[in-house]
Structures are given as C-alpha cells and as structure tokens.
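Here are the chains, one letter per residue:
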Amino acid sequence: MRKPLVAGNWKMNGTRASLNEIVEMGKAYSLALRGKVDMLIAPPSTLLYTASAVALGTGIAIGAQDCHAGAAGAHTGDLAASQLFDVGASAVIVGHSERRADHGETDTQVKAKAEAVIAQGMVAIICVGETKAQREAGKALAVVGKQVKGSIPAGVSADQVVIAYEPVWAIGTGLTPTLADIAEVHADIRKTIARLLGKETAAKMRILYGGSVKPNNAKDILGLADVDGALVGGASLKASDFMGIVEAA
Ligand code: 13P
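Please read all numbers here as calculations on a predicted model, not as lab measurements.

Colleague: So what's going on with helix 6 (residues 107-119)? Residues and values would help.
Modeller: In this model helix 6 runs 18 Å from its N-terminal to its C-terminal C-alpha over 13 residues, within 8% of the 18 Å that 1.5 Å per residue would give. The set of residues buried in helix 6 consists of Asp107, Val110, Lys113, Ala114, Ala116, Val117 and Ile118. Where the residues of helix 6 are buried, they touch helix 4 (81-86), strand 4 (91-94), helix 5 (97-102), strand 5 (123-128), helix 8 (140-151) and strand 6 (161-165). After helix 6 finishes, the residue Gly121 shows a positive phi value of roughly 85 degrees.

In structure tokens, the structure reads:
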C-alpha cells in the first residue's frame, strides 16, 4: 500500500551539463516503472528551474535540498519554500545530517522548515540518523527516536511527510548497517510515528533508507518490510546507477 520512492540528492554537485542525466533518467523511467515506483531528483538550487523544465512529462519529480523557515525577507543567501515551489519543486529535503553538522541545525529548526514546506503544499523529506559513536554506544534507536519526535510537525498527514533514515556513518562511506539493523530502526521509527500521529498515518507514511545505497545492495535493503524506498547521494549522479536502484525498488 506504500508506493516506494527513490529520491536522489545531488548535494553540492552538478552544473547545467549534469541535466543530461535527468534526460537519460526520463527516457528509462517507463510507464510501467512509473506505476510501481516514484522517483525524485533534488539538484542544487542553481539547477532547480531548468531541471524542472527538463523533467516535465517524464514523471520525475524535482525537489530542493533545504529551505528557510520564513516566508520572505532579509535572509541573505537563503531560499523560502514559496521560491522553491515557484521554480518547480514539489518536495524539499530538510534536516539532512550535513546541514545539521555544517550549519548546526536543531530538531526545532528542522521542524519549522518542514512546516514551511508543507504550508506551501510540498512534501517535506525529513532526515534523521545516528553517528558512529552513538551507534557504538547502543544509542541509535534513542537518538533517531528523539530526532523524529522533534522534527515532525504536529498533525501532518502521511502524504505531507517522508522520513529518511540516514546513519551519518553510512553516508558516502560505502558502509551500511546490517539488514537487521536497518529493519530494527525503520520499525522503531514507524512505532514513534504511530505514537505521534496515530496508527493509520504511521502505516501510510513512507520511510526511506539512505547511506551508500548502490545498484548492487538496493534489492536487499529495499526488500525489507518497513523500507519504502531510498534517499541516494553518490549513485544518483549518474542515470545508469540511479536507474539500477529504481528498478530494484
Ligand atoms: P550516499 O548515497 O552518497 O551515501 O549519500 C546518502 C545521502 O546522504 C543522501 O541524502
């Protein structure tokens, strides 16, 4: 009942030449695939407008990687949810661990950003995940549970939010948790969502896994019961790699 979502986060990578990858992805994203799996690319903000134009008619959704919580005003260098929507974004990633680390974003700020995204009628892809030290200390579930509680706005519906579980130590390292560990965290996140938003919403909300997802490990990870897709970094930059993951989903 949950349609998988495979989302690509290009991070601070890509120039206009990279748009050809979206063209290639669009060609490979057949009607049959579109019926089975949703697909989204989050390019850097500089490419949002042209990426939206290139993706038009392909079924590929375009997302942004961050936004400001405010509506408009004196915030040099920031972008409001309404501006991202204006150039074709239908979703925004918020609370990615790189933003939590590089810009000191807190759960409270992530929640405010998610609220701004949802108020604009877009989907908030809220990222959570533990560090290596936290996992080794046996605190992964507690850390992730606290982030989920602190970052999801009150009263949201299952189509307004996607959760992405991305262990910090698995991002860009080629390391992944065991399948049992991924399954445990995802099941626990769904329990937390049920407590916050009710069982029905929890059963419908998509929970993605992210962190070194590649074409060769996607099938096993995406085959887990509570894993409803992937948030992909490095392997989303090339159409051939990314479509391998989409097909696995
Ligand atoms: P990698 O797939 O490169 O590990 O990145 C994952 C990620 O951070 C996606 O948001």
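Colleague: Please provide a residue-by-residue account of the side chain of Asn217, values included.
Modeller: By the secondary structure assignment, Asn217 is in helix 11 (residues 215-222). A polar contact is formed between the side chain of Asn217 and the backbone oxygen of Ser212, at a distance of 2.9 Å. For Asn217, the side chain forms a polar contact with the main-chain nitrogen of Lys214, separated by 2.8 Å. Not counting residues within four places of it along the chain, the set of residues in contact with Asn217 comprises Thr176 and Ser212.

Colleague: An account of the nonpolar core is needed here, citing residue identities and associated values.
Modeller: Ranked by size, the top nonpolar core spans 65 residues in total, and within it Ile22, Met25, Ile126, Ile163, Ile189 and Ile193 carry the most contacts. Ignoring any residue separated from it by four or fewer positions in sequence, one finds Ile126 in contact with Val94, Val110, Ala114, Ser151, Ile152, Pro153, Val161, Val162, Ile163 and Ala164.

Criteria and thresholds
Residues numbered from 1 in each chain as written. Predicted model: local features only at pLDDT ≥ 70, side-chain atom pairs only at ≥ 80, totals over all residues. Heavy atoms only, no water. Helix = DSSP H or I, 4+ residues; strand = E, 2+ residues; numbered from the N terminus. Expected span 1.5 Å × (residues − 1). Buried < 20%, exposed > 50% of the residue type's maximum accessible area, 1.4 Å probe, protein only. Contact = heavy atoms within 4.5 Å. Polar contact = N/O pair within 3.5 Å; in protein donor to acceptor, adjacent residues only side chain to side chain. Core = buried A, V, L, I, M, F, W, Y, C linked by side-chain atoms within 4.5 Å.

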